[in-house]
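A closer look at the structure
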Amino acid sequence: MVSHHSLKRGVSYFGVRNPKHVFQDMQDLKKSGFTHVLHTYSEEDLQYYRETMKEIIDISVDLGLSVYVNPWGVGRVFGGEAYSELVAKNPGTAQISADGTIQPAICPTSQVFIDYLMNWLDTIAETKAETIFWDEPHFYFAKGNLNNWACRCPNCQKLFKKAYGFQMPDNLTPEVLEFRETTLVHFLRQMTDAAKERQKRNTVCMLPPWFPAGIDDWNKIASLPSVDEIASDPYQERNDSSELVLKHYKETAERLMKTAKEFNKEAQMWVKCYLIEEGREQDVTDSVLVSYDAGIRNIFAWSYKASEYLSWLRSDNPEKAWLAYLESFKKLSV
Ligand SMILES: [Zn+2]
């Protein structure tokens, strides 16, 4: 087997909060050749598992794994299968969609949200985590109705009027698109600067361009001084052809490499290893290979064991999908 000293190999891990069991799984990852693990860190973790999470992160590091941590589903501004109660606790901070619907996601312009994340960061700072993974920061959207964009909450409308001198339109005009992007970039600048002050490394993972997340120009993220690494996750949908899967990974990898190089940052690719259809496990392997061939040297998968025990995301044959991910690293040409 060829060794890849400079290659970062990682996977996300969640759903187990018993450090004894986590320890066994981390040993398993280490033995399988992983260098990195991402531990999800939700609102629930912050509220109820603070000491436990520190233990989980620190035992991973002590075993020789570098740890990424993400604000998992926090505020529903970040990606993840975790509930958020920030809006319920802070009425009036919710994002509002173009059709006027109040959404279960907090507005990233809300001071409540900023304060919450500063406390979240203070807590992570007490652990041995290496990197804060700002996962899919986005304005609220629902799959199936991508035109119903957000946010038109009173605060966004006020900020928009102040910036542009007229009422915020109810469709995605160039000014609204620009406003949304400026808002998220400003938010991420605050977050990554704060993480850096706490001696943590920053990765920002951007949703692929077919989602109306709000960030279209990746240069604006890569150029932020405290951002160390940019990432993306061009996950396939069921029924996508193998050709389309490869095309998306190749294009995304090339775009990440180009942007990272321009701003002297690192690049990371996320490979889909959940909801893999039986017989399509080769897609997992190919996603790794095509990313590597494009120059990516930091590859993570979502998630451990191909999401075997999160039934909503479970692959048809988790064992086969997970093996496809493990085996892919043996096929890299160096
Ligand atoms: Zn808003």
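Cut-offs and rules
- Throughout, a residue's number is its position along its own chain's written sequence, starting from 1.
- Thresholds applied to this predicted model are a pLDDT of at least 70 for local features of residues and 80 or more for the giving and counting of side-chain atom pairs; totals over whole chains, interfaces and linings are not thresholded and use all residues.
- Computation of side-chain values covers all heavy atoms of the structure but excludes hydrogens and water.
- Geometry of aromatic contacts follows a simple scheme: Phe, Tyr and Trp rings, the Trp one being its six-membered ring, pair when their centres are within 6.5 Å, and the pair is stacked under 30 degrees between planes, edge-to-face over 60, tilted otherwise.
- Here a helix means four or more residues in a row that DSSP labels H or I, a strand means two or more in a row labelled E, and each is numbered from the N terminus.
- The classification of residues rests on relative accessible area computed with a 1.4 Å probe and restricted to protein chains. Under 20% of the type maximum is buried, over 50% is exposed, and intermediate values are partly exposed.
- The criterion is that NZ of a Lys, or CZ of an Arg, lies within 6 Å of the ring centre and within 35 degrees of the ring normal, and then a charge sits over that ring.
- Only nitrogen, oxygen and sulfur atoms count as donors, using a 2.8 Å cut-off from the metal that widens to 3.2 Å for Na, K and Ca. Water is left out, so coordination shells may look unfilled.
- Site shape is set this way: if four donors have all angles between 85 and 135 degrees, tetrahedral; if opposite donors are over 155 degrees apart and all others between 65 and 115, square planar for four donors and octahedral for six; otherwise irregular.
- Angles run from 0 to 180 degrees between N-to-C directions of axes, and those axes are lines fitted to C-alpha atoms, restricted for helices to the stretch in contact.
- Here is the rule for angles: anything less than 35 degrees is roughly parallel, anything more than 145 is roughly antiparallel, 65 through 115 is roughly perpendicular, and the remaining ranges are oblique.
- What makes a crossing left-handed is the near helix being turned counterclockwise from the far one by less than a right angle; a clockwise turn instead makes it right-handed.
- Only heavy atoms matter for contacts: two residues are in contact if any of them lie within 4.5 Å across the pair.

A word on the packing of aromatic side chains. Following the criterion strictly, the structure yields 27 aromatic pairs and no others. On the numbers, 6.2 Å between centres and 55° between planes, the contact of Tyr68 with Phe133 is tilted. Placement of the pair is Tyr68 in strand E3 (residues 66-70) and Phe133 in strand E6 (residues 131-135), with a sequence separation of 65 residues. There is no split in this pair, since Tyr68 and Phe133 are both buried. Ring plane angle 40° and centroid distance 6.0 Å describe the contact between Trp322 and Tyr325, whose orientation is recorded as tilted. Of this pair, Trp322 and Tyr325 are both found in helix H11 (residues 318-328), three residues apart, which corresponds to roughly one turn of the helix. Judged by relative accessible area, which is 0%, Tyr325 ranks as buried. By the ring-pair criterion, three or more aromatic residues cluster together here, those being Phe14, Tyr68, Trp72, Phe133, Trp270, Phe300 and Trp302. Sitting over the face of the ring of Phe329, Arg9 holds its NZ or CZ atom 4.1 Å from the ring centroid. Over the ring of Trp218 we find Arg255; its NZ or CZ atom is 3.7 Å from the centre of that ring.

Donor atoms from the polypeptide that coordinate the zinc ion comprise Cys107 (SG), Cys151 (SG), Cys153 (SG) and Cys156 (SG), at 2.2 to 2.4 Å from the metal. Note that the zinc ion binds four donor atoms; their angles at the metal cover 97 to 119°, and the shape is tetrahedral. In primary sequence terms, the donor set of the zinc ion follows C-x43-C-x1-C-x2-C. Residue Cys107 is found in the loop between strand E5 (102-106) and helix H5 (111-125), and its partner Cys156 is found in helix H6 (residues 154-164); the two are separated by 49 residues along the sequence.

Axis angle and axis distance: for two packed helices, these are the angle between their axes and the distance between the axes, and together they describe the pair. For the pair H5 and helix H7 (residues 174-197), interaxial distance at closest approach is 10 Å and the crossing angle is 25°. Taken as axis vectors, H5 and H7 run roughly parallel relative to one another. Relative to H7, H5 is oriented so that their crossing is right-handed. Side by side, H5 and H7 meet where Phe113, Ile114, Leu117, Met118 and Leu121 of the first sit next to Phe187, Gln190, Met191, Ala194 and Ala195 of the second.

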